[in-house]
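Examining the three-dimensional arrangement
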Amino acid sequence: AANGLEYKVRDLSLAEFGRNEIRLAEHEMPGLMALREEYGDSQPLRGARIAGSLHMTVQTAVLIETLVALGADVRWVSCNIFSTQDEAAAAVVVGADGTADDPKGVAVFAWKGESLPEYWWCSDQLLRWPDGEGPNMILDDGGDVTLLVHKGVEFEKAGAVPSYSDDEPEEWGVILDTLRASLAEDPQRFTKMAEGIRGVSEETTTGVHRLYELARDGQLLFPAINVNDAVTKSKFDNKYGCRHSLIDGINRATDVLIGGKVAVVCGYGDVGKGSAESLRGQGARVIVTEIDPICALQAAMDGYQVARLEDVVETADIFITTTGNKDIIMADDMARMKHQAIVGNIGHFDNEIDMVGLARTPGITKVDIKPQVAEWQFPDGHSIIVLSEGRLLNLGNATGHPSFVMSNSFTNQTMAQIELFTKPGEYAVDVHVLPKILDEKVARLHLDALGVRLTELKKDQAEYIGVDVAGPYKPDMYRY
Ligand code: NAI
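Here the structure is a predicted model, which is why all the values come from computation and not from measurement. (Residues numbered from 1 in each chain as written. Predicted model: local features only at pLDDT ≥ 70, side-chain atom pairs only at ≥ 80, totals over all residues. Heavy atoms only, no water.)

A few words on the overall build of the protein. When its secondary structure is counted, the protein shows 19 helices and 15 strands. In terms of overall size, the protein behaves like a compact globule, its C-alpha atoms giving a radius of gyration of 23 Å where 480 residues would be expected to give roughly 23 Å. Along the longest, intermediate and shortest principal axes, the C-alpha atoms of the protein span 65 × 65 × 45 Å. Here the protein holds 480 residues, and 56% of them are scored as buried. Expressed as a percentage of contacts within the protein between residues at least 6 apart in sequence, the contacts between residues at least 24 apart total 73%. When the accessible surface of the protein is totalled, it reaches about 21,200 Å², and 51% of it is carbon and sulfur. Taking the 45 positively charged and 73 negatively charged side chains of the protein as two groups, their mean positions are separated by 3 Å. (Helix = DSSP H or I, 4+ residues; strand = E, 2+ residues; numbered from the N terminus. Rg over C-alpha atoms; globule rule 2.2 N^0.38 Å. Buried < 20%, exposed > 50% of the residue type's maximum accessible area, 1.4 Å probe, protein only. Contact = heavy atoms within 4.5 Å. Areas by Shrake-Rupley, 256 points an atom, 1.4 Å probe, with all protein chains shown as cover. Lys, Arg positive; Asp, Glu negative; His and termini not counted. Charge placed at Lys NZ, Arg CZ, Asp CG, Glu CD.)

What follows is the structure, given as structure tokens:
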């Protein structure tokens, strides 16, 4: 734009639609709006240059504009090639008081349906402020930006980027190309950038898993806050969010009646619990697969049949992976499924379903029914329907979780950014969770909107159970 605002989105003329959706979402996001009220004057994020990589949806737009309202200078990308809502991206670029000809908002690089090279180009643009500086904060979902910075530093130390071999995932080759170009341009770019980064707040289970591995191996470069394991995140977004958005994705993709069908949910963690309930709520008979005896027992107690995939793969109608693990549904499994069985994933990455193996099946044909819905026809005549190429279907085929639940997640995100940015030195280079009193604050901010009247703990009652009247009310090990 003329004023120097950089961006790449689908179409700025969608901004008015996006702005209207954002306005409606704000009402459903009381936690974020309360933080704007609380911190609008004191501007705790003034001086923060936040690089955010998180599904560019309407709800994320409200998060971005909250960070800006608290003083931050923000750049943004989506953390998934299919998850952007183009109207939300346009509205964030245009800003509340800009126009398509004179955008005044935030630098966003995201559109629905990026290629993998485009995705990593966007992630690289995210880290380039117009003055040549990098970010001093990262807000990540799944850890792709954190990975880019860490691998960048690793290869700069080594002085070279390793070559790509064919048995590695295609995406890794794209990442290596991105880093090779960076190394040629400035052999210290990521090293200098990492020194200026005060911390990262990470949204999801899979990204948090990567962070703990980096910390364990002594490779973590800056402090991290694990937002996922705030109770008001994983026990709400992962569970109730998926309960809402899983069937939304299946319905928009296929319009197949779920009632009466047999659905298999692989994994019964937080996402699996919400997903199983989502399908049961529509009248499906749900079967769960698990490797963890505790979660398997939970599923059984909740009334689900617990089985192995190989025993039910020929009879079920819908298959959903929720594990955050790899190789859950393989090409051989899909070859055995019923005609027009539906296969989708709601875990963070696409390696839960063996898309590479499926494409290599001799004689197989892919028919694109519409964007993010493909029918794969096997040579024996049966076909299966794969959603979003095995990437998270609630964001690829629908619009992800609704505002109210994301307000809980993003209130945690905003508080994590404030903690890391305003208290450098207080957080060691390690992975931290937010204190429980803040977790309780997030929940508290969402009670009024639902008409909840909380009972007040009496002083002698508080003493009797050994807590403070103002909280926290539970020990850290309590599991909810
Ligand atoms: P979790 O760790 O609570 O649950 C995963 C479950 O899968 C565990 O109980 C584990 O025992 C089970 N599992 C692992 N390998 C398995 C296998 N081979 N077969 C059957 N079960 C297996 O993790 P959570 O929080 O439920 O997250 C799962 C994934 O979903 C992660 O990748 C996370 O990042 C992602 N996620 C996606 C969201 C979305 O909107 N699509 C929202 C939140 C999280």
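There's plenty left to go through after this.
If you walk across this open sheet you meet the seven strands as β3-β2-β1-β4-β5-β6-β15, and the pairing is parallel. Here the strands that pair on one side only, and so sit at the sheet edges, are β3 (107-109) and β15 (431-432). Bridging between strand β1 (residues 49-53) and strand β2 (residues 73-77) involves five bridges; their strand directions are parallel. Bridging from a neighbouring strand, S53 pairs with V77 of β2. The strands touched by helix α9 (residues 205-216) within the sheet are β5 (199-202), β6 (224-226) and β15, with β5 carrying the most contacts at an inclination of about 140 degrees. (Pairing = 2+ DSSP bridges. Axes fitted to C-alpha atoms, helices over the stretch in contact; angles between N-to-C directions.)

With that settled, consider the packing of aromatic side chains. One pass over the structure, following the stated rule, counts five aromatic pairs. Taking 6.0 Å as the distance between ring centres and 80 degrees as the angle between the ring planes, the aromatic pair formed by F109 and W121 counts as edge-to-face. Taken as a pair, F109 in strand β3 and W121 in helix α5 (residues 116-126) lie far apart in primary sequence, 12 residues in all. F109 sits in the buried class, given a relative accessible area of 3%. Judged by its relative accessible area of 38%, W121 falls in the partly exposed class. When the ring centre of F190 is taken as origin, the NZ or CZ atom of R189, which lies over that ring, is 4.7 Å away. (Phe/Tyr/Trp six-rings, centres within 6.5 Å; stacked < 30°, edge-to-face > 60°. Lys NZ or Arg CZ within 6 Å of the ring centre and 35° of its normal.)

The next point concerns the sheet that holds strand β10 (residues 318-321). One key point about sheets: their strands pair by backbone hydrogen bonds, in either a parallel or an antiparallel sense. Here we have eight strands laid out as an open sheet, ordered β9-β8-β7-β10-β11-β14-β13-β12, and mixed in their pairing. Two strands bound the open sheet, and with one partner strand each, they are β9 (305-306) and β12 (365-370). Note that strand β8 (residues 285-289) and β9 share two bridges and pair parallel. Residue pairing across strands places V288 opposite V306, the latter belonging to β9. Contacting β7 (262-266), β8 and β10, helix α11 (residues 270-281) runs over the sheet at an angle of about 175 degrees to β7.

Time to look at the site of the ligand. Taken together, 25 residues are adjacent to the ligand, and T204, T205, T206, E290 and I346 come closest. Separating a nitrogen atom of the ligand from a backbone N or O atom of I346 is a distance of 2.8 Å. Calculation on the ligand without its partners gives an accessible area of 860 Å², and the protein chains cover 84% of this total. Contributions of two or more residues to the shell around the ligand are made by α9, α10 (231-254) and α11. Taken together, the residues of the shell around the ligand sort by class into six nonpolar, 15 polar and four charged. (Near = heavy atom within 4 Å. Polar contact = N/O pair within 3.5 Å; in protein donor to acceptor, adjacent residues only side chain to side chain. Nonpolar A, V, L, I, M, F, W, Y, C, P; charged D, E, K, R; others polar.)

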